[in-house]
Amino acid sequence: TDGEVAAGGGRTTLMLRNLPLDLSRDVLLGHLDDAGFAGAYNFVYLPVDFTRRRGLGYALVSACTPEVAEVMLLRLDGHRLSGEGGGDDAWKASWSEPCRSVTEHVQRYRNSPVMHPNMPDEYKPAIFLDGKRVAFPPPTRPIRPPRIRHLKASESHA
């Protein structure tokens, strides 16, 4: 309806904040599926601090339709993880800015250093079709390796 489009503007990508820093992409996918969204998303990216090898506390999740994205926004805002590694904070769900489609996400990340062959798969964005992970389209130019800063002894326990 017009009201639904006006509310979300046809958007499909959410930013989830307040995620535990040690949350992996696979665990996040499990939580999305358990929350009723199995097969309802087509792009998930949990950015990682390459130096510390842990998350940055947020993720981008693109729903397959604007209607599903609206439900995700309502259901995931305030969501609390249960079980091991659940964290203490409730998730904050909001619309991702700038608004991007899955095609735009692919264009944004396909030539990014995070997609370099030396990077662990867990650090990379993932795309899905009909609930199954599919291969990310290949880069259109050579990918430079990411810059990974080496921690000083005083920083390694932060």
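Our structure is the block above this text.
What counts, and at which threshold
Residues numbered from 1 in each chain as written. Predicted model: local features only at pLDDT ≥ 70, side-chain atom pairs only at ≥ 80, totals over all residues. Heavy atoms only, no water. Core = buried A, V, L, I, M, F, W, Y, C linked by side-chain atoms within 4.5 Å. Buried < 20%, exposed > 50% of the residue type's maximum accessible area, 1.4 Å probe, protein only. Helix = DSSP H or I, 4+ residues; strand = E, 2+ residues; numbered from the N terminus. Contact = heavy atoms within 4.5 Å. Salt bridge = Lys/Arg side-chain N within 4 Å of Asp/Glu carboxyl O. Pairing = 2+ DSSP bridges. Axes fitted to C-alpha atoms, helices over the stretch in contact; angles between N-to-C directions. Parallel < 35°, antiparallel > 145°, perpendicular 65-115°, else oblique.

Judged by nonpolar contacts, the single largest core of 26 residues is most densely connected at Leu 16, Leu 28, Leu 32, Tyr 41, Val 44, Met 72 and Leu 76. Of all the elements in the fold, those that place two or more residues in this core are strand E1 (13–17), helix H2 (25–37), strand E2 (41–45), strand E5 (58–63), helix H3 (66–76), strand E6 (92–95) and strand E7 (126–129). Counting residues per element, this core draws most heavily on H2, which supplies five residues. If we skip the residues at most four places from it in the chain, Met 72 touches Leu 14, Phe 37, Ala 40, Tyr 41, Val 61, Ala 63 and Asp 77. Ranked by size, the runner-up nonpolar core spans 15 residues in total, among them Val 48, Phe 50, Tyr 123 and Ile 143.

What follows covers the pattern of salt bridges. The tally for this structure, following the rule as stated, stands at four salt bridges. With a closest N to O distance of 2.9 Å, Arg 25 and Asp 121 form a salt bridge. Here Arg 25 is found in helix H2, whereas its partner Asp 121 is found in the loop between helix H4 (102–109) and E7, with 96 residues between them in sequence. For Arg 25, a relative accessible area of 2% translates into the label buried. Taking relative accessible area as the criterion, Asp 121 reaches 40% and is therefore assigned partly exposed. Here Arg 52 ties to Asp 49 by a salt bridge, and the two come within 3.5 Å at their closest N and O atoms. One network of salt bridges, with partners in common, ties together Arg 25, Asp 121 and Arg 133.

The subject of this paragraph is the sheet that holds E1. If you trace the six strands from one edge of the open sheet to the other, you get E6-E1-E5-E2-E7-E8, paired in antiparallel fashion. Every interior strand has two partners, whereas the edge strands, E6 and strand E8 (132–134), have only one. Taken over all neighbouring pairs, the strand axes of this sheet differ in orientation by 25 degrees on average, direction set aside. As paired strands, E7 and E8 are joined by three bridges and run antiparallel to one another. The partner of Leu 129 across the bridge, within E8, is Lys 132. On top of the sheet, H2 reaches E1, E2, E5, E7 and E8; it is set at about 145 degrees to E2, its chief contact. Here H4 sits on the sheet in contact with E1, E2, E5 and E7, set at roughly 30 degrees to E2.

A pair of packed helices is captured by two measures, namely the crossing angle of their axes and the spacing between those axes. One way to put it is that H2 packs onto H3 with a least axis distance of 11 Å and a crossing angle of 105 degrees. Relative to H3, H2 is oriented roughly perpendicular. For the pair H2 and H3, contact is made by Leu 32, Ala 35, Gly 36 and Phe 37 and by Val 68, Val 71, Met 72, Arg 75 and Leu 76, respectively.

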